[in-house]
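Summary of the model geometry
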Amino acid sequence: MNLYSLRGVGKALSGRMVLDNVNLDIVAGRITSLVGPSGSGKSTLLRLLNRLMEPDSGQLTYRGTAITSKDPVSLRKEAALVPQDSTMFPGSVEDNVCYATRIHRITDFNPADALEAAGLSTGYLERDAERLSGGERKRVALARALALSPHALLLDEPTSGVDPRSSDIIEQSVMRMRDGGTTVVWVTHDIEQAKRVSDHIVHVKDGEAVMSDGRDLQGGGVY
Amino acid sequence: MNPGFAQTPLEGLVILASVSILFFLVVLVSSWKRVGIGKDMTKGFMVGGAQLALVSIILMALIEWEGEGTMWLPAAAVMITGMAIISAARSARRSPDMPSAFRTTAASISLGSVLSLSVLLVADAIPLRPEFVIPLAGMAFGNSMDICSLTLDRMTREFQTGRGMIETRLSLGATSSQAVEEIDRMAIRTALIPTIDRMKTLGIIFIPGAMAGLIMAGVQPLVAAQFQLVIFLMIVGGGVITSLATVTLARESFFNEQHQLQDWV
């Protein structure tokens, strides 16, 4: 079953066509990686799936119905996006992890669970979020999204600028999420990583998206 | 009661001309020292003086009409509408890229000023007379304009520098108002700090204009102080309403109905 379907989707930003006639299916309960060079439209595609922006043309469906018929706030609760820059909100790690549960008034939630699922110990809860390292921030950002127990995780370069150990922890955490039934869309420019973690790979280049088995991609390279 | 300044406008003009010597000396010194403000100071003095003269002439006419019933009211309404339009246009310049900025500033400034002024009238703190209504409307609109400008300025800057944080909140299912609640609070606080600071230093560092004017006109200082406090309550009340209205209305320009940031931000 497809969680998302895109048919002829196009999007222009500042007069430039970023996505052009994209046809793509995101299968539920699987990890789909979007790989491609910088500026190829991967992040824009992710933002369309979270409804931070709307396509200019084509059809985008979520669970078989037009995404525009779904309330954007409920959609974002179900399909949480982890942006590339991992901006921390002012306050402690706990404040950050509990942000979404606080605004959605979710009471049966333990921040330690989300933190551990993202590969961080509970000792981090009291730490000042803005003083964390890049790798720690990435994992707190992941935990912040996991707090919503989303149906889909939309990850924008979750391991960029992160040391190999942290990267490995994030990969393992996300794969566990997938095994638990979460659909994952993973934007990366690391082809080897895409091959390692994904069930499906989509090659995004010059605004077009093509399903790939990984063999057409430069062997083990990085865009 | 005569303030002892001048008996007639002509006498006042002579006094003003003699005191202006000080002003022109300052302009000369600033030109000599190449401070670069001489031209602006002269222009400001001329424009300000002309505006004050115009307002005084209108006020004199309104006070004349006061004896003939409510004839002065429509003219005062036109004058207050003018204050609203000019203050809103000036404040809207703080965010030139924002669509419908004028609509936001006009509604916020008018709401804060008219509401606070109405409270004074309903509470019988001031009589419904042009010599009270027009100057106090000027104070209310002027202060609300400053607060609206500061609020809008801070909001625009926070949106431009904090776009990443706002979108991160949105992407976790926050509504547009939840995503910017900290920015709203910060903008309101920043805009009101000068007013609150002025209130805290009332009488210590300076004696405000209305109180000073009343004392010079021979009113008992205690009564003048009470009246000044009434004015400050109007200014603070109107300012808070203006600032709250500005953040609420401006938010509609920063976001669309789908809780997405607008392209211009």
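Reading guide: rules and limits
Residues numbered from 1 in each chain as written. Chains lettered and ligands numbered in written order. Predicted model: local features only at pLDDT ≥ 70, side-chain atom pairs only at ≥ 80, totals over all residues. Heavy atoms only, no water. Helix = DSSP H or I, 4+ residues; strand = E, 2+ residues; numbered from the N terminus. Buried < 20%, exposed > 50% of the residue type's maximum accessible area, 1.4 Å probe, protein only. Contact = heavy atoms within 4.5 Å. Areas by Shrake-Rupley, 256 points an atom, 1.4 Å probe, with all protein chains shown as cover. Lys, Arg positive; Asp, Glu negative; His and termini not counted. Charge placed at Lys NZ, Arg CZ, Asp CG, Glu CD. Rg over C-alpha atoms; globule rule 2.2 N^0.38 Å. 1 Å grid on protein atoms, 1.4 Å probe; cavity = no way out; pocket = protein on both sides within 12 Å on 5 of 7 lines; lining within 4 Å. Points joined across faces, edges and corners; volume = space filled by probe spheres on them. Nonpolar A, V, L, I, M, F, W, Y, C, P; charged D, E, K, R; others polar. Pairing = 2+ DSSP bridges. Axes fitted to C-alpha atoms, helices over the stretch in contact; angles between N-to-C directions. Buried area = accessible area lost by both parts, 1.4 Å probe. Salt bridge = Lys/Arg side-chain N within 4 Å of Asp/Glu carboxyl O. Phe/Tyr/Trp six-rings, centres within 6.5 Å; stacked < 30°, edge-to-face > 60°. Lys NZ or Arg CZ within 6 Å of the ring centre and 35° of its normal. pLDDT = per-residue confidence, 0-100. Polar contact = N/O pair within 3.5 Å; in protein donor to acceptor, adjacent residues only side chain to side chain. Parallel < 35°, antiparallel > 145°, perpendicular 65-115°, else oblique. Left-handed = near helix turned anticlockwise from the far one by under 90°.

Secondary structure summary: chain B contains 10 helices and 0 strands in total. N-terminal to C-terminal, the α/β element order of chain B is α-α-α-α-α-α-α-α-α-α. Counting only C-alpha atoms, chain B reaches 70 × 55 × 35 Å along its principal axes. Taken over 265 residues, chain B has a buried fraction of 37%. Within chain B, residue pairs in contact and separated by at least 24 positions form 67% of the contacts whose partners lie at least 6 positions apart. Carbon and sulfur atoms make up 68% of the accessible area of chain B, which totals about 14,800 Å². Considering chain B, the positive charge centre built from 18 side chains and the negative charge centre built from 19 side chains are found 10 Å apart.

Quick look at the overall build of chain A now. Assigned secondary structure in chain A consists of 8 helices and 10 strands. For 223 residues, the compact-globule estimate of 2.2 N^0.38 gives 17 Å, and chain A sits close to it at 17 Å. Judged by the C-alpha coordinates and their principal axes, chain A covers about 45 × 40 × 35 Å. With 223 residues in all, chain A has 57% of them scored as buried. For chain A, contacts bridging at least 24 residues in sequence account for 68% of all contacts bridging at least 6. By element, 45% of the accessible surface of chain A is carried by carbon and sulfur atoms, the whole surface being about 9,400 Å². Taking the average location of the 26 positive side-chain charges in chain A and that of its 29 negative ones, the two points are 2 Å from each other.

Turning next to empty space enclosed by the protein. Under the definition given, this model contains 1 cavity of 30 Å³ or more. Estimates place the volume of the largest cavity at around 30 Å³. Around the largest cavity, the lining residues are L81, V82, P83, A141, R144 and A145 of chain A together with T168, S171 and L172 of chain B. Sorting the residues of the lining of the largest cavity by element identifies β6 (79-82) and α6 (134-146) of chain A together with α6 (163-171) of chain B as the ones contributing at least two each. Tallied by class, the residues present in the lining of the largest cavity amount to 6 nonpolar, 2 polar and 1 charged.

Residue and element names in this part refer to chain A. Strand order in the open sheet made by the 4 strands is β2-β1-β4-β5, with antiparallel pairing throughout. At either end of the open sheet lies a strand with only one pairing partner, and these are β2 (16-27) and β5 (65-66). Bridge analysis of strand β1 (residues 2-13) against β2 gives 8 bridges, and the strand direction is antiparallel. When the bridges of β2 are listed, Y4 appears paired with I26. Sitting on the sheet, helix α1 (residues 42-49) is in contact with β1, β2 and β4 (57-62), with an inclination near 120° to β1.

What follows is about the interface of chain A and chain B. Across the boundary between the two partners, chain A contributes 27 residues, which contact 18 residues of chain B. Together, the buried faces of chain A and chain B total about 1,800 Å²; carbon and sulfur atoms form 54% of this surface. Of all residues in chain A, L52, R76 and Y99 of chain A bury the most surface against chain B, accounting for 28% of the area lost on that side. Joining chain A to chain B, the criterion identifies 2 salt bridges.

Time to look at the packing of aromatic side chains. Enumeration according to the criterion identifies 8 aromatic pairs over all chains in this entry. Ring centres of Y4 of chain A and Y62 of chain A lie 5.2 Å apart, and the angle between their planes is 55°; this geometry places the pair in the tilted category. Of this pair, Y4 of chain A sits in strand β1 while Y62 of chain A sits in strand β4; the two residues are 58 residues apart in sequence, bridging distant segments of the chain. Like Y4 of chain A, the residue Y62 of chain A is buried in the burial classification. What links up through ring pairs into an aromatic cluster is the set F159, F254, F255 and W264 of chain B. A cation over a ring is seen here: K33 of chain B above W32 of chain B, with NZ or CZ 4.8 Å from the ring centre. Directly above the ring of F89 of chain A sits R169 of chain B, whose terminal nitrogen or CZ lies 4.1 Å from the centroid.

Here the focus is the confidence of the model for chain B. Looking at chain B, the pLDDT average stands at 89 and 98% of residues meet or exceed 70. Across the interface, the model reports ipTM at 0.90; the global pTM reads 0.81.

With that out of the way, let us pick up the pairing of strand β9 (residues 200-205) of chain A. Residues and elements named next belong to chain A. As defined by bridge partners, strand β3 (residues 31-35) adjoins β9 across 4 bridges and the pair is classed as parallel. In the sheet register, V35 faces β9, and the bridge partner there is H203. Bridging between β9 and strand β10 (residues 208-212) involves 5 bridges; their strand directions are antiparallel. Bridge pairing links V202 to M211 in β10. Two successive antiparallel strands, β9 and β10, enclose a turn made up of 2 residues, where D206 displays a positive phi of approximately 50°.

If you walk through the whole model with that rule in mind, you get 18 salt bridges over all chains. Across the pair K70 of chain A and E78 of chain A runs a salt bridge whose closest N-O atoms are separated by 2.8 Å. The class of K70 of chain A is partly exposed, set by a relative accessible area of 23%. Salt bridges linked by common partners bring R47 of chain A together with R163 and E167 of chain B together as one network.

Residues and elements named next belong to chain A. Its location among the elements puts T101 in helix α4 (residues 99-103). According to the relative accessible area criterion, T101 is buried, its value standing at 4%. Within the local environment of T101, its side chain forms a polar contact with the backbone oxygen of C98, the two atoms lying 2.9 Å apart. In this structure, T101 is in contact with I106, F109 and A147, ignoring residues within four places of it in sequence.

Moving on, we come to the packing of helix α9 (residues 209-216) of chain B against helix α10 (residues 221-254) of chain B. All names here are of chain B. With their axes 8 Å apart at the nearest point, α9 and α10 run at an angle of 155° to one another. Taken together, α9 and α10 sit at an angle that is classed as roughly antiparallel. The crossing of α9 and α10 is right-handed. Contacts from G209, A210, M211, L214 and I215 of α9 reach α10 at P221, A224, A225, F227, Q228 and I231. Of the residues contributing to the contact of α9 with α10, the split by class is 9 nonpolar, 2 polar and no charged.

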